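# Structural description and commentary
Single-letter residue listing:
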Amino acid sequence: MAINRRNFLKAATGSALTAIVAEEAQAFSPRETKELPPKAVGMLYDSTLCIGCKACVAACKQANDQPLEILESQQGWNEGAWDSAIDISAKTLNVIKAYTNGEMTQKDREVDGYAFMKRHCLHCVDPSCVSVCPVSAMQKDPITGVVTHNPDACIGCRYCVVGCPFSVPQFDYETPFPQIHKCQFCSHLQAQGKLPACCDVCPTGASLFGDVRELKEEAKRRLGAEEGEVYEFPRGKLGGDRDSHTAQIPKYQKDFYGDTELGGTQVMYLSGVPFDKLGLPTNVPDKSYASISEGIQHTLYKGMIAPLTLLSGLLFMAYRNRKHHDDDEQSPKEDL
Ligand code: SF4
Ligand code: SF4
Ligand code: SF4
């Protein structure tokens, strides 16, 4: 049989390969979602305690040597007076955003109300950014679980930007040697025995640092308390020696966010409004995306499907190029 494109493609992607795909697809199973590290540290952000003062945003900038960000609309007016980032970016690792509805008269209410949301890396238990990074520039500490980015190892492929379900890693397009930027949980401060800057300055305890397992217990205590009950909200670090912030238990959503979502996160949230109103993805699986995608990858490579497909493509391109070359030299009579 003379080789032509139809026959070649049949051979390359035909029945044998189809059979492998079907067999391996049946065998596909995601790997287990990774467990919380033994001494996992994290943060409980209680949106109902947040007063939107943005002390955490300023402290984050100072602690991490990040420049101010001035909105274009504010430039030229009182220039430089306001750091006015509207979202996290290469210059802003942490931002306070607001949910608003209707008259916006009542805090922490979904209708005619408003609520604050603190946005930065959630330090996922089984992070996609680590899973997709081809050069291990994204790392998860096996003891504390803090997810850090190493700019020296990073090749700027931006897989982490696409892979993160919370749209956290930010690529700096404005510099000659662009880099990824994200919250590193103030690892440099933690190494000195200090608190992450945002938790250190928060006046109400809305951003609370601590052991993740203990923070989960604290979240459950608040959810289990009676609405209106006077409560001593810890500030700075859970179990630390700071004075607490005394306030009444608000009407919370019935659960906290980050316990199971996408395999769990080490930054967790309490809120008076539904979590999707704060921009958090809901209706997500308990399994991490990393466990699912690595399962597929493993299956594809185990069955040699991906390499076979790649090889087929390369062979076809080589054959096509050779054919064009031959056609240029001889008269084009072969049936394609
Ligand atoms: S929130 Fe995004 S950047 Fe942060 S650990 Fe999770 S996947 Fe990585
Ligand atoms: S932990 Fe540090 S880097 Fe992360 S948001 Fe808070 S202050 Fe910024
Ligand atoms: S410092 Fe605390 S209260 Fe102020 S905006 Fe940040 S999280 Fe909210």
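Above: the structure in question.
Notes on the structure in this doc start here. (Residues numbered from 1 in each chain as written. Chains lettered and ligands numbered in written order. Predicted model: local features only at pLDDT ≥ 70, side-chain atom pairs only at ≥ 80, totals over all residues. Heavy atoms only, no water.)

Taken together, 14 residues sit near ligand 1, with Cys121, Leu122, Cys124, Cys129 and Cys164 positioned nearest. In terms of residue class, the shell around ligand 1 is built from eleven nonpolar, two polar and one charged. (Near = heavy atom within 4 Å. Nonpolar A, V, L, I, M, F, W, Y, C, P; charged D, E, K, R; others polar.)

Quick look at the site of ligand 3 now. Around ligand 3, 14 residues are found, and the nearest of them are Cys50, Cys53, Lys54, Cys56 and Cys202. In terms of residue class, the shell around ligand 3 is made up of ten nonpolar, three polar and one charged.

Looking now at the pairing of strand β12 (residues 267-270). Here β12 shows no split at all, with Val267 and Tyr269 on one side and Met268 and Leu270 on the other all buried. Of the pairings in the sheet, the one linking strand β1 (residues 41-46) to β12 comprises four bridges and is parallel in character. Note on β12: the bridge partner recorded for Tyr45 is Tyr269. (Buried < 20%, exposed > 50% of the residue type's maximum accessible area, 1.4 Å probe, protein only. Helix = DSSP H or I, 4+ residues; strand = E, 2+ residues; numbered from the N terminus. Pairing = 2+ DSSP bridges.)

With a phi angle near 50°, Asp65 is a residue other than glycine that sits in the positive phi range. With respect to the helices and strands, Asp65 occurs in the loop between α3 (55-63) and β2 (95-100). Taking relative accessible area as the criterion, Asp65 reaches 70% and is therefore assigned exposed. A positive phi angle, close to 50°, is found at Leu262, a residue other than glycine. When you line up the elements, Leu262 lands in the loop between β11 (245-248) and β12.

Spatial strand order, β9-β1-β12: three strands in an open sheet with mixed pairing. Each end of this open sheet is capped by a strand with a single partner; those strands are β9 (207-211) and β12. When the angles between neighbouring strand axes are averaged without regard to direction, this sheet yields 25°. Judged from the five bridges that link them, β1 and β9 form a sheet pairing that is antiparallel. Residue pairing for β9: Met43 is matched across the bridge by Phe209. Relative to β9, helix α8 (residues 212-224) is tilted by about 130°, and along the sheet it contacts β1, β9 and β12. (Axes fitted to C-alpha atoms, helices over the stretch in contact; angles between N-to-C directions. Contact = heavy atoms within 4.5 Å.)

Before going further, it helps to examine the sheet that holds β2. Strand order in the open sheet formed by three strands is β2-β4-β3, and the pairing between neighbours is mixed. Edge strands, defined here as strands with exactly one partner in the open sheet, are β2 and β3 (106-107).

Turning to the pattern of salt bridges, a few remarks are in order. Counting across every chain of the model gives 14 salt bridges. Linking Glu218 and Arg222 is a salt bridge whose minimum nitrogen-to-oxygen distance equals 2.9 Å. With Glu218 and Arg222 both in helix α8 and four residues apart, this pair spans about one turn of that helix. Under the relative-accessibility criterion, Glu218 is labelled buried at 3%. Overall, Arg222 belongs to the buried group, its relative accessible area being 1%. A single salt-bridge network, built from bridges that share partners, covers Asp46, Glu218, Arg221 and Arg222. (Salt bridge = Lys/Arg side-chain N within 4 Å of Asp/Glu carboxyl O.)

A word on the packing of aromatic side chains. What the rule picks out here adds up to seven aromatic pairs. Aromatic pair Tyr45 and Tyr269: ring centres 5.9 Å apart, planes at 75°, arrangement edge-to-face. Of this pair, Tyr45 sits in strand β1 while Tyr269 sits in strand β12, and the two are 224 residues apart along the sequence. Assigned by exposure class, Tyr45 and Tyr269 land together as buried. Every member of this aromatic cluster is reached through a ring pair, and the members are Tyr45, Tyr257, Tyr269 and Phe275. Arg158 extends its terminal NZ or CZ atom over the ring of Phe171, reaching a point 4.5 Å from the ring centre. (Phe/Tyr/Trp six-rings, centres within 6.5 Å; stacked < 30°, edge-to-face > 60°. Lys NZ or Arg CZ within 6 Å of the ring centre and 35° of its normal.)

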